[in-house]
Amino acid sequence: MKNIMLRQIIIILLLCGLPGLTQAADLIADKSFGDDNEIIVTFSQAVDMEAAINPANYTVYEEPDPDIRLSVEAVSVADDLMSASLRFREPLNTSQPHVVAIANLSPDPEVVTTFTVAKPYIGYLLGILVSALLINNFVFTKYLGLCVFFGTSKRKDTAKGMGFTFTIVIVVSAIMSWFFYQFILKPFDLNFLQIVIFIGLVSLTVQAVDTILRKVNPDLFNAFGVYLVLVIANCVIIAVPLILADNEYNFFETFMLSLGAGGGFLLALYLMSSVRERIELANVPPTFKGVPIAFIVAGQFALAFLGFSGMQLF
Amino acid sequence: MATDKSNIQLITNGILNENPIFRLVLSMCPAVGISTTVMNGIMLGVAVLFVQVFSSVTISIFKNVIHPRIRIPTYTLTIATWVTVIDLLLAAYLPEAYGKMGIFVKLIVAFAIITMRLEMFACKESVQASFWDGIGMGLGFMFGMMAIGFVRELLGMGTLLGYDILGFQPLLFFVLHCAGFFVVGLMMAFFNYVEIIYKKTKQGA
Amino acid sequence: MKDIFTIIIRLTLACIMAGLVMGTTYIFTSNAKKHNEHVNEQKAMYGLLGYGPANQAPDSMVLHAFYRYIVSHDDLLHLGYLVPLQDKGFSFVTIDLDGNFVAARQVDITGKEAIEEEARHQAIAAVLDEEATIRYADKTIVATNDGRRQAYLLPGAFPGFKTFIHVMLALDPHFTVLGLEVMEHEEDPGLGGEIEKDYFKNQFTGKPYEVLKHLDVTKTPLPDDYRRALEADRTGMSADDVRVIQEQYKDKDIYALTGATISSRAVTNGAKAIVKKFAYRLGILDKVLAQENIAVPF
């Protein structure tokens, strides 16, 4: 169920995100980073061999440093004259968008074909999601939301209930916080009110979800209602808006971060509750019974999650 | 309804019987996250003490004016206000320490311990009792943080408050973030052990 | 239902009171914050130049800051430098991407006001064409002693393992590194967080520009004698011995931190990029300033 929803969201995002990114000069059909010192350009029609193969016709720079040209060492053009590969002397910093300008390529000699090469944006978005989910899991690597984490991870059912409720509330409240931050706090220089506004929005979301759920689906409310109160005592819910304000995330990035944070919390709760259900049957020394052994287990999970650090998918 | 406990009892209650970290198991995030040194513990402890005392007193002063139906929003607003104040103060006057604590100062706003004390104590008791209770809870939190920081700094870096004590680094592991879980868990187990022994000797006597 | 008005009034009052408390604190702390940030930055700068409380900088030592902007106008990109002038005020010098002089405009701003980004922005925008937009890029501080250049201080930031690492680099007039200071970072304590320790950041000290250009990270363990020299503050090694060892390791790569190769590499590559770009740009700026007879105090 969750998987299908997730996939749909990703597809919608793909559709929204891509058209804005593929705009380029008409002559350029596609462009991407190849090896770590290579840019590959695909043309929409066959181009002039002479112009395309001459490195002097190319000007390439990183977007923030327009004055520092990257030296193109060699250009190799495919036999069908439809694509070219630019080799650079030094590895490219692919986290920055690169601007490429090609002179004398189009029939009109005045026109310089200019386009930007960047990593696919969707990969970046998924990177944020995976990072919040695993690499920077809020519970096991950022150590937030522990009170609620230890309180509700005794049973699998509780864990699932809490995790789902939390994910819904955090996505809604983070998106609202983003709007408030971008359109009220930032323009009016009210950044010092961040804490009050964000916690207020969280309370509002919790209250709204509570009321709506009670009216629309009483069964669901009976199942998840109790966790709503606990959501507000969870630091993650206030940490996410603070992080997105700090990093100046845009709307999609905000959505991904909050989804990752919620999903990560659900994952952590589920893993932990599975272990704790078994621990109850085990013979634990009396001094370690209850919370202390839960802490030790959480520490082992945290060690395991340390292994995700440095992972780079996109 | 006034509490029959004296000021001293209110303070020791916060530090020992109802220690927020080891007894009530609340506000665990900073206890694991930034308790790598004693200094961090003291700094965050001071911030929590400030917020707890000022919020308790504020609520206690206005307890008769607060409408029961908007009790929780008022608490949240009060805490958020004082957190903002301490956040601004620390950022302005102690930028280095503030940088180390990072996001945790702002997160005091979501600490269950503060809301809980307002709900259970400050909204019923006199201003004076609330003040001392706030001090006790704040100190309890601070001592908890310092104790964890003490173990982690000494075993992880061989220093205390930045001064070289052991002259070598025993186990880097204790400075890593995830070790916070182990240290807190082991310390809780230790306190449980002490309690069990204590009860046994009492029964025996 | 009749409660609703009292609730609204009381909640409004509570909000107003909270707003008053926060507003007052903000007004009082914002100036102190700016001041302290400035003082800390100055302290770090003098620290990198080897001055401290025990060893005060001479009075003839002056720090001059100039600021780089990217000006875009009608699809054309220019670089703009806000440089202080010898006699008074500032000049906004625009240079095209090929390094040719475009224009110099007198900017009405004092040195004190220029510290604030907002004030700077407004003053520059006032002298430019209306359609032109400017974007702040970075600043450079030139330390002069009796009017002669002593060092360049370059604040910069680059992505580390977790978030951005903010550093300050000090270079001598031949772009040899005088020192590196980590101003702000959020790397893991015990692992990447060690970048702020002497035995890592002091490795950059004394690296000449030619070495720095091709600097890389090596995973071999840090030799003991080098480590003692790097931690001279703690081990009490004499300055002469330190210089000898520094000379010996001058051409070597940076020894990576154990368990934090990514952070080590980030700092190395970050510092390398900052210095390379700076050296290139300073050459052009100096040429233009000399060509146009713009008298600057550095």
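Calculation rules
- For every chain, the first residue of the written sequence is number 1, and numbering continues from 1 onward in sequence order.
- Here the convention is simple: chains get letters from A, ligands get numbers from 1, in the order in which they are written.
- Local features in this predicted model are restricted to residues of pLDDT 70 or higher, and side-chain atom pairs are both shown and tallied only at a pLDDT of 80 or more, whereas totals for entire chains, interfaces and linings draw on every residue.
- With hydrogens and water stripped out, all remaining heavy atoms of the structure feed into the side-chain values.
- Every definition here rests on a 1 Å grid over the protein atoms only: cavities are sets of points where a 1.4 Å probe fits but cannot get out, pockets are open sets enclosed by protein on both sides within 12 Å along at least five of seven lines, and lining residues have some atom within 4 Å of a point.
- Grid points are joined across faces, edges and corners, and a volume is the space filled by probe spheres set on the points.
- For this scheme, ten residues count as nonpolar: Ala, Val, Leu, Ile, Met, Phe, Trp, Tyr, Cys and Pro. Four count as charged, namely Asp, Glu, Lys and Arg, and the remainder, Gly too, count as polar.
- Should DSSP find at least two bridges between two strands, the strands are regarded as paired.
- Helix and strand labels come from DSSP, where a helix needs a run of H or I of at least four residues and a strand needs a run of E of at least two; each type is numbered from the N terminus.
- Note on definitions: angles span 0 to 180 degrees between N-to-C directions of axes, and those axes are lines fitted to C-alpha atoms, for helices only across the stretch in contact.
- Contact between two residues is taken to exist if any of their heavy atoms lie within 4.5 Å; hydrogens are not considered.
- For our purposes a nonpolar core is just a set of buried Ala, Val, Leu, Ile, Met, Phe, Trp, Tyr and Cys residues, chained together by side-chain atoms within 4.5 Å.
- Burial classes: relative accessible area under 20% of the type maximum marks a residue as buried, over 50% as exposed, and values in between as partly exposed (1.4 Å probe, protein chains only).
- Buried area, as used here, totals the accessible surface that two parts lose on assembly, with accessibility defined by a 1.4 Å probe and the loss added over both.
- Any carboxyl oxygen of Asp or Glu within 4 Å of a side-chain nitrogen of Lys or Arg constitutes a salt bridge here.

> How do you make sense of empty space enclosed by the protein when you look at a structure like this?
Where empty space is left in the structure can be found by rolling a water-sized probe over the atoms. In total, this model carries 3 cavities of 30 Å³ or more according to the counting rule given. Quantified by volume, the largest cavity comes out at close to 110 Å³. Ile 135, Asn 136, Thr 141, Tyr 143, Phe 305, Leu 306 and Ser 309 of chain A, Leu 176 and His 177 of chain B together with Lys 162, Asp 188 and Leu 191 of chain C are the residues that line the largest cavity. Tallied by class, residues from the lining of the largest cavity come to 6 nonpolar, 4 polar and 2 charged.

> Explanation requested: the sheet that holds strand E8 (residues 177–184) of chain C in the structure shown.
Hydrogen bonds between backbone groups are what pair the strands of a sheet, and the pairing can be parallel or antiparallel. Residues and elements named next belong to chain C. What the 8 strands build is an open sheet, ordered E4-E3-E2-E1-E5-E6-E7-E8; its pairing is antiparallel. Two strands close off the open sheet at either side, each with one partner strand: strand E4 (101–107) and E8. Here the average twist between neighbouring strands, direction ignored, is 25 degrees. Sheet topology note: the strand E5 (residues 133–145)/strand E6 (residues 148–159) ladder contains 5 bridges and is antiparallel. Opposite Val 142, over in E6, you have Tyr 152 as the bridge partner. Together, strand E1 (61–73), strand E2 (76–84), strand E3 (90–96), E4, E5, E6, strand E7 (164–171) and E8 form the strand contacts of helix H8 (residues 261–291), whose direction differs from that of E6 by roughly 135 degrees.

> I keep staring at the nonpolar core and nothing clicks. Help me out?
Soluble, globular proteins show a tendency: their nonpolar side chains are buried together. By size, the foremost hydrophobic cluster in this structure holds 180 residues, and its most contacted members are Leu 146 and Phe 149 of chain A together with Ile 108 of chain B. Not counting residues within four places of it along the chain, the set of residues in contact with Leu 146 of chain A comprises Val 139 of chain A together with Met 28, Cys 29, Val 32 and Phe 181 of chain B. If you look at the next biggest cluster of nonpolar residues, it comprises 22 residues, including Ile 28, Leu 92, Val 100 and Val 117 of chain A.

> Is there a simple way to think about the interface of chain A and chain C in this case?
It is common to give the size of an interface as the accessible area lost on bringing the parts into contact. On the side of chain C, 17 residues touch chain A, which itself brings 17 residues to the contact. Surface buried jointly by chain A and chain C totals about 1,500 Å² across both partners, of which 59% is contributed by carbon and sulfur atoms. For the chain A face of the interface with chain C, the top three residues by lost area are Pro 66, Asp 67 and Phe 192 of chain A, together amounting to 37%. Taken together, the links from chain A to chain C amount to 4 salt bridges. The partner of Arg 281 of chain C in a salt bridge is Asp 65 of chain A, with the nearest N and O atoms 2.8 Å apart.

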